[in-house]
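Below are the chains, spelled out letter by letter.
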Amino acid sequence: MDQENVTATLTVAAPAEKVFAVLADPTAHAGIDGTGWVEEAVDQVPLTEAGQIFRMGMHHDGHPNGDYQTANKVHVLDAPRAIGWFTGYDKGDGHLEFGGWFWRYDLAPLGPSETEVTLTYDWSAVPQSIRDYLQFPPFGPEHLTNSLRHLAELVSGR
């Protein structure tokens, strides 16, 4: 695959502020995830600024430990237009390591009660040393569409 990112777009029947509030709430991320890998928010404080770290409890049968944690660093937070984070891990000594991939949601209001949401997963900055043992993307393209559908369901329920 020559492309180093995947995107999906969906119109959500809610104002951008409401959609953004759900995305900025780490406790909602397990409900949004389209793979089922995200299990729970370890850090439950809402995302409010670039540089903020939040951790998620994860499970993947293909991971050496099965259960693991990710450490995510917010790299864009422009309420209510965009939010995104790099995914990494704690090396065990408190030092966080990021692999070069990120998630980003871009929100475009279509009126007072609709928002076009574009989800991007980008791995263009992943070094070859990581690409040697991890396949990118690590999921099928339906994952992003599923995530956006889950987001729409969560937003409509709030």
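See the structure above.
On a predicted model such as this, the values are computed, not experimentally measured, just so you know.

Caption draft 1: Main features of the packing of helix α1 (residues 16-23) against helix α4 (residues 142-156). Interaxial distance between α1 and α4 falls to 10 Å at its minimum, and their mutual angle equals 110°. Between α1 and α4, the angle falls in the class roughly perpendicular. Counted together, Lys18, Val19, Val22 and Leu23 of α1 and Leu151, Leu154 and Val155 of α4 form the full contact between these two elements.

Caption draft 2: Unusual backbone geometry, seen in detail. The step from alanine 79 to proline 80 runs through a cis peptide bond, and the omega angle for that step is -10°. Residue position: proline 80 is located in the loop between β4 (67-78) and β5 (82-90).

Caption draft 3: Broad picture of the packing of aromatic side chains. Here the structure, examined in full by the defined rule, presents 9 aromatic pairs. Ring geometry for phenylalanine 54 versus tryptophan 85: centroids 5.4 Å apart, planes at 85°, classification edge-to-face. Here the residue phenylalanine 54 occupies a position in strand β3 (residues 53-59), and tryptophan 85 occupies one in strand β5, the gap between them amounting to 31 residues. The residues phenylalanine 54 and tryptophan 85 share a single accessibility class, namely buried. Ring geometry for tyrosine 121 and phenylalanine 139: centres 5.0 Å apart, planes at 65°, overall edge-to-face. On the criterion of sequence distance, the pair formed by tyrosine 121 in strand β7 (residues 114-122) and phenylalanine 139 in the loop between α3 (128-131) and α4 is long-range, its members being 18 residues apart. Exposure remark for phenylalanine 139: the relative accessible area of 13% places this residue in the buried category. Taken together, Trp101, Trp103, Tyr121, Trp123, Phe136 and Phe139 form an aromatic cluster joined through their ring pairs.

What counts, and at which threshold
Throughout this document, residue positions are counted from 1 along each chain, in the order its sequence is written. Selection of residues for local features in this predicted model requires a pLDDT of at least 70, selection of side-chain atom pairs for listing and counting requires 80 or more, and totals for whole chains, interfaces and linings are taken over all residues. Values reported for side chains reflect all heavy atoms of the structure, with hydrogen atoms and water molecules removed beforehand. Convention adopted: a line fitted to C-alpha atoms gives each axis, helices being fitted over their contacting stretch, and angles between N-to-C directions are expressed from 0 to 180 degrees. Helical segments are the DSSP runs of H or I of at least four residues, strand segments are the runs of E of at least two, and each set is numbered from the N terminus. An angle counts as roughly parallel when it lies under 35 degrees, as roughly antiparallel when it exceeds 145, as roughly perpendicular when it falls between 65 and 115, and as oblique in every other case. The criterion used for residue contact is that any of the two residues' heavy atoms lie within 4.5 Å. Within 6.5 Å between ring centres, the rings of Phe, Tyr and Trp (the latter by its six-membered ring) count as paired, and their orientation is classed by plane angle as stacked under 30 degrees, edge-to-face over 60, tilted in between. Only protein chains enter the calculation, and the probe is 1.4 Å; a residue is then buried if its accessible area is under 20% of its type maximum, exposed if over 50%, and partly exposed in between.

None of the figures reported here should be taken as evidence of function without further support.
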